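Chain residues, written in single-letter form:
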Amino acid sequence: MEQGKPVWTIVKILEWTKQYFADKGVETPRLDAEVLLCDVLKCQRINLYVNFDQPLEEDELHIYRSYVAKRAKHEPLAYILGHRAFMHSEFKVTEDTLVPRPETELLVEQIVELNKDKGPLDILDIGCGSGAIVVSLLQLLPLSRAVAVDINAKAVAVTLENAASLGVAERCNGLVSDLFENVAKGKKFDVVVSNPPYIPTAVLSSLAADVQKEPRTALDGGVTGLDFYQRILKNINAFLEPEGMVAFEIGIGQGEQVAKMCREQGLAITAVRNDYANIDRMVFATKEGSKYANEILAIRQK
Ligand code: GLN
């Protein structure tokens, strides 16, 4: 080490970065500094504390600084690291895919609950992004098969990579498609799931800086935020088994409107479920008398 050059130990660099991130308005400055440093040093967070006085090597500093610069510009952690934990797995994510959210885990859990004793199933995921939903469903419902569609070919590629690395590739077909456009006519699914873009266009510019780095095509739901539910539901009966079910992620205040759109297509049994923050976050729908009807009614009555 040259004379006069500061020695950046783990403790010093974490303190410095925490302050820098805080000044830049990063929401969890210390945690993000630690997570990024762990990625550089390929260690667990506990090791940072055990080795507080360890100096960083030049090449480690170099990589870390590039991460810090990105995070200070509000690039989401998941894009910098290239992965995000969802359910029980690490998913590759890229700038072409929305970062999987914890609320979406509730959607997956509820779909699994509704399907765990329903035997072999055909699932369609519309707007698959990273594949967090469809790959998790295939992992948790081992008899199921899925078609995963996205309008963005790069997102479909990420889904297929995740399907392969998480061991479900042989049960997952990827398709570049604007909603149902390229899905084989006559093909019917037991479960149609979608976490479509649902943010009203006028609200996009007021979203957190981090969210604004995510693909606009994965967020922008048109003037009311409801465009994609409308478009999906318009064609739903051509692609849904008569006894099938629909599961949507939705945004704040959209529950009743999306449930009503479902009922207008003959999916008379609907349920809205809230997330941990008590915001309406999911809609489930099926036809009267279907194999899902009672269980979906039970969600409504919870
Ligand atoms: N949950 C995301 C957000 O609130 C939006 C995802 C979506 O539009 N599907 O930022």
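Residues numbered from 1 in each chain as written. Predicted model: local features only at pLDDT ≥ 70, side-chain atom pairs only at ≥ 80, totals over all residues. Heavy atoms only, no water.

The chain goes by peptide chain release factor N(5)-glutamine methyltransferase in an unreviewed UniProt entry, where it is assigned to bioreactor metagenome. In its Catalytic activity (unreviewed entry) section, the UniProt entry covering the chain states "L-glutaminyl-[peptide chain release factor] + S-adenosyl-L-methionine = N(5)-methyl-L-glutaminyl-[peptide chain release factor] + S-adenosyl-L-homocysteine + H(+)". (UniProt positions renumbered as here; feature names shortened; annotations may be inferred.)

Engineer: Would you mind going over the UniProt feature "domain: Release factor glutamine methyltransferase N-terminal" (unreviewed entry) in the chain with me for this structure?
Structural biologist: Taking the UniProt record as the reference, the feature "domain: Release factor glutamine methyltransferase N-terminal" (unreviewed entry) is found at residues 13–82. Within the segment residues 13–82, helix and strand shares are 71% and 0% respectively, and the terminal C-alpha atoms sit 22 Å apart. (Helix = DSSP H or I, 4+ residues; strand = E, 2+ residues; numbered from the N terminus.)

Engineer: Looking at this model, I keep getting lost on the site of the ligand. Mind explaining?
Structural biologist: What surrounds the ligand is the set Leu-98, Arg-101, Asn-195, Pro-196, Pro-197, Tyr-198, Ile-199, Val-211, Ala-218, Leu-219 and Glu-249. Residue Pro-196 places a main-chain N or O atom 2.7 Å away from a nitrogen atom belonging to the ligand. Between the ligand and Tyr-198, the relevant distance is 3.0 Å, taken from a nitrogen atom to a side-chain nitrogen or oxygen of the residue. For the ligand, the accessible surface in isolation is 300 Å², of which the surrounding protein chains cover 88%. Of the residues assigned to the shell around the ligand, the class counts are 8 nonpolar, 1 polar and 2 charged. (Near = heavy atom within 4 Å. Polar contact = N/O pair within 3.5 Å; in protein donor to acceptor, adjacent residues only side chain to side chain. Areas by Shrake-Rupley, 256 points an atom, 1.4 Å probe, with all protein chains shown as cover. Nonpolar A, V, L, I, M, F, W, Y, C, P; charged D, E, K, R; others polar.)

Engineer: Just checking my understanding: could you explain the sheet that holds strand β6 (residues 189–194) for this structure?
Structural biologist: In a beta sheet, neighbouring strands are held together by backbone hydrogen bonds and run either parallel or antiparallel to one another. With mixed pairing, 7 strands are arranged side by side in an open sheet as β5-β4-β3-β6-β7-β9-β8. Since the sheet does not close on itself, it has two edges, and those belong to β5 (172–176) and β8 (269–274), each with one partner. Within the sheet, the average angular offset between the axes of one strand and its neighbour, ignoring direction, is 15 degrees. Alignment of β8 against strand β9 (residues 280–286), held across 6 bridges, turns out to be antiparallel. Within β9, the residue paired with Ile-269 across the bridge is Thr-286. Docked against the sheet, helix α7 (residues 132–140) engages β3 (122–126), β4 (145–150), β5 and β6, running at close to 175 degrees with respect to β4. Contacts from helix α8 (residues 153–165) reach β4 and β5 within the one sheet, and its direction differs from that of β5 by about 170 degrees. (Pairing = 2+ DSSP bridges. Axes fitted to C-alpha atoms, helices over the stretch in contact; angles between N-to-C directions. Contact = heavy atoms within 4.5 Å.)

Engineer: I would appreciate a short explanation of the side chain of Thr-9 in the present structure.
Structural biologist: With respect to the helices and strands, the residue Thr-9 is situated in the segment before α1 (10–23). Those residues in contact with Thr-9 that lie beyond four places of it in its chain are Phe-52, Asp-53, Gln-54, Pro-55 and Leu-56.

Engineer: Teacher, can you tell me more about the pairing of β4 here?
Structural biologist: Sheet faces and side chains relate simply in a regular strand, where the side chains alternate between the two faces. In terms of residue burial, β4 counts as a mostly covered element, since 5 of its 6 residues are buried. The pairing of β3 with β4 spans 5 bridges and is parallel. The residue bridging Asp-125 from the neighbouring strand is Ala-148, located in β4. For the segment spanning β3, α7 and β4, crossover handedness is right-handed. By the bridge criterion, 5 bridges tie β4 to β5 in an arrangement that is parallel. Looking at β5, one finds that Ala-148 is bridged to Gly-174. The handedness of the β4 to β5 crossover, carried by α8, is right-handed. (Buried < 20%, exposed > 50% of the residue type's maximum accessible area, 1.4 Å probe, protein only. Right-handed = clockwise from strand over helix to strand, strands pointing away.)

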